[in-house]
There are 2 protein chains.
Amino acid sequence: MKLSTKGRYGVRAMFDLALHYGEGTTPLRSIAERQNISEHYLEQLIAVLRKSGLVNSVRGAHGGYLLAKEPPEITIGDIIRALEGPIAPSDCVAEDVEKDCENIEECITRLIWKQLQESINEVLDSISLEDLRQEAINAKQKDGHHGYLYHI
Amino acid sequence: MKLSTKGRYGVRAMFDLALHYGEGTTPLRSIAERQNISEHYLEQLIAVLRKSGLVNSVRGAHGGYLLAKEPPEITIGDIIRALEGPIAPSDCVAEDVEKDCENIEECITRLIWKQLQESINEVLDSISLEDLRQEAINAKQKDGHHGYLYHI
DNA sequence: AGAAAACCAACAAAAATAGTCGGGATTAAA
DNA sequence: TTTAATCCCGACTATTTTTGTTGGTTTTCT
C-alpha cells in the first residue's frame, strides 16, 4: 500500500508548476533542481502528464512546462491516476478489466477492495493543486524562512 | 496504489479460517486448495500472521491453523498491516521512520499522504472478519448454489 | 550560428514480488 | 512403534516493477 516515486515526484512537480502558475513556462531543470529529483527521470514522468493533458510544453530556448488547466481544476487524483494507472487495490476492481472471481470468498473480499478504492479516490480527488498552493502560502506567512513546518 | 498478493491472499486465508471458526483447526492445504493459492507460498504468509498473533497453529497430524481471536476482533487492517507493513503511501508518514522533508513543497505534499493514510486505515479497520462472514451468509441465502453474486 | 530547452528510445541496476524446493520437527492414529 | 499428516524453516530462483541512466535528435529563441 505504498505509492511509488512516480506518483510522489509527479505530485511535487505539478505542485511546483502550480506555485509558478501564471508566470509562463518553467524549464524541467528548475523543477528537478528545486525538488531534488533526477531530471531525466522526471522527464519520463512529465511526458506521461503531458500525454494525459495535465501539462503543456513549449519547446526551444526559454521553453518549458506549464499547467494545462488552472490549479483548482487539477486534483491529486488526476496526477496519481495518470502516473500510476487506475487506483485499484485489486485487479478485480479496475475499470478496464473484466475478471471473474473464482469463488464466493473472493467475491466477498472484493467488497473490501471496492470500498477502499472509493475511499482513496475520494481523498485524492478532494485535494486540488490550488489547495496545496494555499497551504504553501499559509505556511510561508507563519514562518518566513521557508520553515519546514510539517516535520515529524 | 495496489495491494500485493500477500495482502490479498492473506485476507482470503483469514476469511477462510473465519468461515470455519469454532470447528477446530484447519490444515493449510485445505485453505490453499479452496482459495486456489500455492500452499508453500501461503505457508510463508501465514507464518507472518502467526508471528503477529492473528492465528494459532497446532502441529502434527490433524493439526492446522485457527484464528487467535474471535472474528469480530480481527480487522482487515490487522491482516494487511501484518503482511504488507504499516500503511504509508509515503515513507515520511510511516510511524517508525523519522525522515525530514527536504523542502517546503515536500512538507506540504506530506499532508496529502497523511490524509490518505488515515482514510485507508479507517476503511480497513472498519471491516472485521465477522463482517465478511455475515456477507458470506447473506450471499449464500440469496443464492443457494454458491452464487458468484459479485461478478463484474 | 549557438544555446537552451523539449523530446525520444534504449539500456541497466536494484528491489520487490511471487513463488519453488527440500528437508526437519511434531503429533495423532493405525 | 511405525506411519502419515501436518507445521516449521531456510535457501534458492524467476519475473516484474521500480528507479533511474545514457546518448542522442529536434525545436526555437537570441
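Residues numbered from 1 in each chain as written. Chains lettered and ligands numbered in written order. Predicted model: local features only at pLDDT ≥ 70, side-chain atom pairs only at ≥ 80, totals over all residues. Heavy atoms only, no water.

Student: Give me the pattern of salt bridges: which residues, what numbers.
Tutor: Tallying each qualifying case throughout the model produces twelve salt bridges over all chains. In this structure, Asp-16 of chain A engages Arg-34 of chain A in a salt bridge whose closest nitrogen and oxygen atoms are separated by 2.7 Å. In this pair, Asp-16 of chain A is assigned in helix 1 (residues 5–19) and Arg-34 of chain A in helix 2 (residues 28–35), connecting sequence segments 18 residues apart. Among the residues examined, Asp-16 of chain A registers a relative accessible area of 0% and is labelled buried. Arg-81 of chain B is the salt-bridge partner of Asp-78 of chain B, the closest N and O atoms lying 3.4 Å from each other. (Salt bridge = Lys/Arg side-chain N within 4 Å of Asp/Glu carboxyl O. Helix = DSSP H or I, 4+ residues; strand = E, 2+ residues; numbered from the N terminus. Buried < 20%, exposed > 50% of the residue type's maximum accessible area, 1.4 Å probe, protein only.)

Student: Give a detailed account of the protein's contact with DNA strand D, specifying residues and quantitative values.
Tutor: The environment of DNA strand D is formed by 25 residues, the closest being Thr-5, His-40 and Gln-44 of chain A together with Glu-43 and Ser-57 of chain B. Sugar and phosphate atoms constitute 62% of the interface atoms of DNA strand D, taking the interface as everything within 4 Å of the protein. Thr-5 of chain A places a side-chain nitrogen or oxygen 2.8 Å from a phosphate oxygen of DNA strand D. Measuring from a phosphate oxygen of DNA strand D, one finds a side-chain N or O atom of Lys-6 of chain A at 3.2 Å. At the level of elements, helix 1 and helix 3 (39–51) of chain A together with helix 3 (39–51), strand 1 (55–58) and strand 2 (64–67) of chain B are the ones that each hand at least two residues to the surface near DNA strand D. Here the residues of the surface near DNA strand D are counted per class, giving eight nonpolar, twelve polar and five charged. (Near = heavy atom within 4 Å. Polar contact = N/O pair within 3.5 Å; in protein donor to acceptor, adjacent residues only side chain to side chain. Nonpolar A, V, L, I, M, F, W, Y, C, P; charged D, E, K, R; others polar.)

Student: Can you lay out the nonpolar core for me, pointing to particular residues and giving the numbers?
Tutor: Core analysis: the biggest nonpolar cluster contains 86 residues, and Met-14, Ile-76 and Ile-79 of chain A together with Met-14, Ile-76 and Ile-79 of chain B have the highest contact counts within it. With sequence-adjacent residues up to four places away left out, Met-14 of chain A is seen in contact with Leu-49, Leu-54, Val-55, Leu-67, Ile-74, Ile-79 and Leu-129 of chain A. (Core = buried A, V, L, I, M, F, W, Y, C linked by side-chain atoms within 4.5 Å. Contact = heavy atoms within 4.5 Å.)

Student: Give me the environment of Arg-110 of chain A: which residues, what numbers.
Tutor: With respect to the helices, strands and loops of the structure, Arg-110 of chain A is situated in helix 5 (residues 104–125). For Arg-110 of chain A, a relative accessible area of 12% gives the class buried.

Student: Please give an account of the environment of Ser-4 of chain A that cites residues and values.
Tutor: Considering the arrangement of structural elements, one finds Ser-4 of chain A in the segment before helix 1. Here the alpha-carbon distance between Ser-4 of chain A and Ile-80 of chain A, two residues 76 residues apart in the chain, equals 9.8 Å.

Student: How would you explain the protein's contact with DNA strand C if you had to name every residue and give the values?
Tutor: Surveying the vicinity of DNA strand C reveals 26 residues, the closest of which are Leu-28, Glu-43 and Ser-57 of chain A together with Thr-5 and Gln-44 of chain B. Taking Ser-57 of chain A, its side chain carries an N or O atom lying 2.5 Å from a phosphate oxygen of DNA strand C. For the surface near DNA strand C, the elements supplying multiple residues, two or more each, are helix 3, strand 1 (55–58) and strand 2 (64–67) of chain A together with helix 1 (5–19) and helix 3 of chain B. Looking at side-chain class alone, the surface near DNA strand C contains eight nonpolar, 13 polar and five charged residues.

Student: Report on the pairing of strand 1 of chain B, specifying residues and quantitative values.
Tutor: Residues and elements named next belong to chain B. The sheet contact formed by strand 1 and strand 2 spans four bridges and is antiparallel. If you follow Asn-56 over to strand 2, its bridge partner there is Leu-66. The antiparallel pairing of strand 1 with strand 2 creates a hairpin that spans five residues between the two strands, and Gly-60 there sits at a positive phi of about 85°. (Pairing = 2+ DSSP bridges.)

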